[in-house]
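# Survey of secondary and tertiary structure
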Number of protein chains: 2
Amino acid sequence: MTDPKSTDARLTDPTSQAAGFDRMRQARQTEIAEDYVELIADLIAEEGEARAVDLAARFGVSHATVNKTLARLQREDLVQTRPYRSIFLTEAGAAMAEGARRRHQIVLEFLTVIGVPAETAAIDAEGIEHHVSEETLAVFERIARQGL
Amino acid sequence: MTDPKSTDARLTDPTSQAAGFDRMRQARQTEIAEDYVELIADLIAEEGEARAVDLAARFGVSHATVNKTLARLQREDLVQTRPYRSIFLTEAGAAMAEGARRRHQIVLEFLTVIGVPAETAAIDAEGIEHHVSEETLAVFERIARQGL
DNA sequence: TGCAAAAGTTAGCATAGGCTAATAAATGCG
DNA sequence: CGCATTTATTAGCCTATGCTAACTTTTGCA
């Protein structure tokens, strides 16, 4: 029970495994930030401005929640808000939005190219885009361009 | 500024978009549960038992955090714990672990087959596995088996 | 112009997942 | 055997993300 089974199939060493889970926790923290700046960028691009009420409707949460999250994003210098005014992205926020949009796009095209139905691809891309490294993204991009 | 730009590239209708984000929030909630039951199953399979201290080391969090999370998982009938005893999976927990393991395996093989380096594939699979629908997983599996 | 509707803010509450510190139980070894 | 180490539990605190409810500011229209 206590003897070390050394090299086995599923378990890597605890330290590197912990590093991986730490990355995951970090990713979880930035997911919402990315979703917000991405949506804000889209709203500005297409509606002319981003308002909390639109974010609330599109995220499907209350406007109070949006407000609180925007406060966090402002603290982190990703958005710029002024009371009763519409929402703007900072330079950092715009950069994050652009990166998120690019990843989203590549993942979506990739899934579509390999044969995932459009609707499912759209849903899954939403989840996957936050967890794809640049290295994997490069592979996705090549396949999306060249096909299988 | 107020005129509706109707059908455009990036923004789908608010309602279905909200549904998508709702799915994401649900997924976020089950991610940690899946990670726990998956690791518990692995520890039981390979070390003979799962103890909170091992989970803490592998997740890279304090054992107090592990304890609190285990309490939640027990409430949700995924694990069975007794004070100062090792941790077991319920039937539901074992089923979740098996599903997570299967998805993890398929995603990992898929990434490797399409050309993602092993180390990166291992890292990314960790994040992606929680966000892949059965439909996409089926596509991944076919490619993993047949190659590109 | 004035008032109602829409939008934004704020307060207070809940849950989840982090932490440290203090305490308690189990284990194991000299 | 008894005490030290290891392991587990508990309490108290924090942040993030949800909520509802109450309140304020803006906006737009009759």
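In the block above lies the structure referred to throughout.
These lines cover the structure that appears in this document, whether it is placed above or below.

Cut-off values and rules
Residues numbered from 1 in each chain as written. Chains lettered and ligands numbered in written order. Predicted model: local features only at pLDDT ≥ 70, side-chain atom pairs only at ≥ 80, totals over all residues. Heavy atoms only, no water. Helix = DSSP H or I, 4+ residues; strand = E, 2+ residues; numbered from the N terminus. Buried < 20%, exposed > 50% of the residue type's maximum accessible area, 1.4 Å probe, protein only. Contact = heavy atoms within 4.5 Å. Phe/Tyr/Trp six-rings, centres within 6.5 Å; stacked < 30°, edge-to-face > 60°. Buried area = accessible area lost by both parts, 1.4 Å probe. Salt bridge = Lys/Arg side-chain N within 4 Å of Asp/Glu carboxyl O. Polar contact = N/O pair within 3.5 Å; in protein donor to acceptor, adjacent residues only side chain to side chain. Nonpolar A, V, L, I, M, F, W, Y, C, P; charged D, E, K, R; others polar.

A tally of regular secondary structure across chain A gives 6 helices and 2 strands. For chain A, the N- to C-terminal ordering of α and β elements is α-α-α-β-β-α-α-α. Seen through its principal axes, chain A has C-alpha atoms that stretch 65 × 40 × 25 Å. Counting every position in chain A, which comprises 148 residues, the buried fraction comes to 43%. Considering only intrachain contacts with a sequence separation of at least 6, the fraction spanning at least 24 residues in chain A is 58%.

Counted under the stated rule, the structure contains 7 aromatic pairs over all chains. Each ring, one from phenylalanine 21 of chain A and one from phenylalanine 59 of chain B, has its centre 4.6 Å from the other, and the planes form 65°; the classification is edge-to-face. Here phenylalanine 21 of chain A, found in helix α1 (residues 14-47), pairs with phenylalanine 59 of chain B, found in helix α2 (residues 52-59), and the two come from separate chains. This pair shows no difference in class: phenylalanine 21 of chain A is buried, exactly as phenylalanine 59 of chain B is. Linked through ring pairs, Phe110 and Phe140 of chain A together with Phe110 and Phe140 of chain B together constitute an aromatic cluster.

This part takes up the interface of chain B and chain A. By a widely used convention, the size of an interface equals the accessible area lost when the partners come together. Facing 53 residues of chain B, the contacting portion of chain A comprises 53 residues. Taking both partners together, chain B and chain A bury about 4,900 Å²; carbon and sulfur atoms supply 56% of that area. Taken together, chain B and chain A are joined by 4 salt bridges. Of the charged contacts, one joins glutamate 31 of chain A and arginine 28 of chain B as a salt bridge, the two residues approaching to 2.9 Å between their closest N and O atoms. At the boundary of chain B with chain A, the tally comes to 17 residue pairs in polar contact (both at pLDDT 80 or more). With 17 residues, the top contributor of residues to the side of chain B that touches chain A is helix α1 (residues 14-47) of chain B. Classifying every residue of the side of chain B that touches chain A gives 25 nonpolar, 10 polar and 18 charged.

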